[in-house]
Amino acid sequence: MKEDYVNKYIKEKITSGDDFLRFSFYELRVKENLSNDDTDDFLEMAKWKLEDIGYDVYFSGAKYTYKGNRYMVGDNELMIAIKSE
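Residues numbered from 1 in each chain as written. Predicted model: local features only at pLDDT ≥ 70, side-chain atom pairs only at ≥ 80, totals over all residues. Heavy atoms only, no water.

1. Examining a nonpolar patch on the surface
A contiguous nonpolar patch, built from Phe25, Tyr26 and Val30 and spanning about 310 Å² of accessible area, is present on the exposed surface. Assignment of secondary structure puts phenylalanine 25 in helix α2 (residues 25-31). (Patch = residues over 30% accessible without salt bridge, like charges linked within 9 Å, V, L, I, M, F, W, Y side chains within 5 Å. Areas by Shrake-Rupley, 256 points an atom, 1.4 Å probe, with all protein chains shown as cover. Salt bridge = Lys/Arg side-chain N within 4 Å of Asp/Glu carboxyl O. Helix = DSSP H or I, 4+ residues; strand = E, 2+ residues; numbered from the N terminus.)

Now the structure itself:
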């Protein structure tokens, strides 16, 4: 997995989104056609990059609070990132 690819993908996600970023199974495995290993590498690299720029990162099954409501990262969601306040 190339760092440039991860950086570009995150930048596009932040530009088109807000303080809440969702990375779904469909998005990475189907649309981006990433293998299992590439998906794992992508998520690991993205986690570090997002945490470095002030996001809290959650993976499948984790519970998080967003705008005062409690949620759980769904089975079809691989990662959720929320801009720290």
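On we go.
2. What about helix α3 (residues 36-52)?
Taking 1.5 Å of rise per residue, the 17 residues of α3 would be expected to cover 24 Å, and the 25 Å separating its terminal C-alpha atoms lies within 8% of that figure. Residues of α3 that are buried include every one of Thr39, Phe42, Leu43, Ala46, Lys49 and Leu50, and no others. Buried residues of α3, seen end-on, are gathered within an arc of 140 degrees and therefore sit on one face of the element. Residues of α3 that are exposed and angled more than 90 degrees away from the buried face: Asp37, Trp48 and Asp52. Buried-residue contacts for α3 involve α1 (3-16), β1 (20-24), α2, β2 (55-59) and β5 (77-83). (Expected span 1.5 Å × (residues − 1). Buried < 20%, exposed > 50% of the residue type's maximum accessible area, 1.4 Å probe, protein only. Arc of directions from axis to C-beta. Contact = heavy atoms within 4.5 Å.)

3. Regarding a negative patch on the surface
Together, Asp37, Asp40, Asp41 and Glu44 make up a negatively charged patch on the protein surface. Within the secondary structure, aspartate 40 is located in helix α3. With a relative accessible area of 45%, aspartate 40 lands in the partly exposed category. (Lys, Arg positive; Asp, Glu negative; His and termini not counted. Charge placed at Lys NZ, Arg CZ, Asp CG, Glu CD.)

4. Focus on the sheet that holds β2
Taking strand neighbours across the sheet as the criterion, the three strands line up as β1-β5-β2 in an open arrangement whose pairing is antiparallel. The sheet is open, and its two edges are formed by β1 and β2, each paired on a single side. Adjacent strand axes in the sheet meet at a mean angle of 15 degrees when their direction is disregarded. As paired elements, β2 and β5 share five bridges and run antiparallel to each other. Bridge pairing in β5 places valine 57 opposite alanine 81. Where α1 meets the sheet, its contacts fall on β1 and β2, and the angle it forms with β1 comes to roughly 130 degrees. (Pairing = 2+ DSSP bridges. Axes fitted to C-alpha atoms, helices over the stretch in contact; angles between N-to-C directions.)

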